[in-house]
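# Breakdown of the fold
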Amino acid sequence: MLASFTTRTDHWLQSYLKGRTQFIKMGQHESHATAVDVGIPQGSVLGPLLFAVYCSPIADVIAHHGAQYHQYANDTQLHLAKHADNTPAGLSVLAECTTDVRQWYLQNGLQLNPDKSEGLIVGTTNQLRAVTSSVSSVSVAGVDLPLADDIKVLGVVIYRRLSFHKHVSAVVRSCNYPAHAIQHIRHLLTTELA
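What this report covers is the structure whose coordinates are included nearby. Each chain has its residues counted from 1, following the order in which its sequence is written. A pLDDT threshold of at least 70 governs which residues receive local features in this predicted model, and a stricter bar of 80 or more applies before side-chain atom pairs are shown or counted, although totals over entire chains, interfaces and linings include all residues. Each side-chain value is worked out from all heavy atoms of the structure, with water and hydrogens disregarded.

## Section: the overall build of the chain
Using the following cut-off: Numbered from the N terminus, helices here are DSSP runs of H or I no shorter than four residues, and strands are runs of E no shorter than two. The globule rule is 2.2 Å times the number of residues to the power 0.38, and the radius of gyration it is compared with is taken over C-alpha atoms. The rule is simple: take the accessible area with a 1.4 Å probe, protein chains only, and divide by the maximum for that residue type; under 20% is buried, over 50% is exposed, in between is partly exposed. Contact definition: two residues touch when any of their heavy atoms are within 4.5 Å. Accessible surface is estimated by sampling points in the Shrake-Rupley manner with a 1.4 Å probe; for residues, cover comes only from the protein chains shown. Counted as positive: Lys and Arg. Counted as negative: Asp and Glu, with His and the chain ends omitted from the count. Charge positions are represented by NZ for Lys, CZ for Arg, CG for Asp and CD for Glu.
On a plain count of helices and strands, the chain comes out with six helices and 10 strands. Since a compact globule built from 194 residues should have a radius of gyration of about 16 Å, the 24 Å found for the chain marks it as more spread out than a globular shape. Split into buried and exposed, the 194 residues of the chain put 21% on the buried side. Long-range contacts, defined here as pairs at least 24 residues apart, represent 44% of the contacts in the chain between residues at least 6 apart. For the chain, the exposed area adds up to about 14400 Å²; of that, 57% sits on carbon and sulfur atoms. Within the chain, one finds 14 positive and 14 negative side-chain charges whose respective centroids are separated by 7 Å.

## Examining the nonpolar core
To be explicit about the condition: Within this scheme, the nonpolar core is defined by two criteria: the residues are buried Ala, Val, Leu, Ile, Met, Phe, Trp, Tyr or Cys, and they are joined through side-chain atoms within 4.5 Å.
In this structure, Ile 58, Ile 62, Val 101, Trp 104 and Tyr 105 are the most contacted members of the largest nonpolar core, which totals 20 residues. Put simply, the parts of the chain that give this core at least two residues each are helix H3 (58-64), helix H4 (87-107), helix H5 (125-132) and strand E7 (137-140). For Ile 62, the contacting residues outside a window of four places in its chain are Ala 67, Gln 68, Tyr 69, Thr 76, Leu 78, Cys 97 and Val 101.

## Details of the packing of aromatic side chains
Condition: Each aromatic pair joins two rings of Phe, Tyr and Trp (for Trp, the six-membered one) with centres within 6.5 Å, and gets the label stacked for planes under 30 degrees apart, edge-to-face for over 60, and tilted for any other angle.
Under the definition given, this model contains two aromatic pairs. An aromatic cluster of at least three residues, connected via ring pairs, comprises Tyr 54, Trp 104 and Tyr 105.

## A short note on the pattern of salt bridges
Keep this limit in mind: Salt bridge, as applied in this entry: a Lys or Arg side-chain nitrogen positioned within 4 Å of an Asp or Glu carboxyl oxygen.
One pass over the structure, following the stated rule, counts two salt bridges. Between Arg 160 and Asp 149 there is a salt bridge, with its nearest N and O atoms 3.5 Å apart. One end of the pair, Arg 160, is in the loop between strand E10 (156-159) and helix H6 (165-193); the other, Asp 149, is in the loop between strand E8 (143-146) and strand E9 (150-153), and 11 residues separate them in sequence. You can call Asp 149 partly exposed: its relative accessible area is 39%. Measuring nitrogen to oxygen at the nearest pair gives 3.1 Å for the salt bridge that ties Lys 166 to Asp 150. You can see Lys 166 sitting in helix H6 and its partner Asp 150 sitting in strand E9, a full 16 residues away along the chain.

## Digging into the side chain of His 167
Position of His 167 among the secondary structure elements: in helix H6. The contacts of His 167, once residues within four sequence positions are left out, are Gly 155, Val 156 and Val 157.

## Re helix H2 (residues 47-55)
Formally: Note: the arc covers the axis-to-C-beta directions of the helix.
Turning to H2, its buried residues number three or more, namely Gly 47, Leu 50 and Cys 55. The arc that holds the buried residues of H2, viewed along the axis, is 125°, so those residues lie on one side. Among the exposed residues of H2, those oriented more than 90 degrees off its buried face are Leu 49 and Val 53.

## Quick word on the environment of Ile 58
Examined against the element boundaries, Ile 58 turns out to sit in helix H3. On the basis of relative accessible area, Ile 58 is assigned to the buried category, the value being 0%. Sequence separation between Ile 58 and His 29 is 29 residues, and the spatial gap between their C-alpha atoms is 41 Å. Once you skip the residues sitting within four places of it in the chain, Ile 58 turns out to touch Gln 71, Val 101, Trp 104 and Tyr 105.

## Regarding a nonpolar patch on the surface
Which entries qualify depends on this criterion: Patch membership is restricted to residues that have no salt bridge and whose relative accessible area is over 30%. Joining uses 9 Å for like charges and 5 Å for the nonpolar side chains Val, Leu, Ile, Met, Phe, Trp and Tyr.
Taken together, the side chains of Phe 164, Val 168 and Val 172 make up a nonpolar region of the molecular surface, amounting to roughly 290 Å² of accessible area. Within the secondary structure, Val 172 is located in helix H6.

## What to know about unusual backbone geometry
Even without glycine at this site, Ala 141 takes up a positive phi of about 50°. Residue placement: Ala 141 occurs in the loop between E7 and E8. Even without glycine at this site, Leu 154 takes up a positive phi of about 50°. For Leu 154, the position within the fold is in the loop between E9 and E10. The class for Leu 154 is exposed, based on a relative accessible area of 54%.

None of the figures reported here should be taken as evidence of function without further support.
Written as structure tokens, this is what we have:
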């Protein structure tokens, strides 16, 4: 019974992924259809799951370097805990890890874009002062990136000193426009409700 289910699942996945074409349409004009041999249909429900399964071996590459990671769809974040006095060694491990990750991506038909990568060193004020006096960039897949003050992770702004004041400010800013819009039409709402 399990073999039959596995075979049906294989056939179903193959029918989902094979025989696809794509074309470009602009107004009344469209290009010839071209076969798509790689990739997953964009916007599909299965897309993120299949991509995660396809990229799951990257966990072994990252673990080999002793780093931790978080992956969501096509976004992978590496985490490496080091003491402030051991920062150069930690950055060396990070550089080697990202180079190996990039190599795995290339071997498997994907591409790591270091220009979309960010580096963040987290610590106390004194730790950051000691580290940033000697370190101004992080090497990611052979590209030197300047250190950021904060990064956004799934909508949450992570500040280098792990305080939430930057995230709170971002949330307040994002609420200002809707609040002003409601205030602008409030008189219309109260007269219709009365």
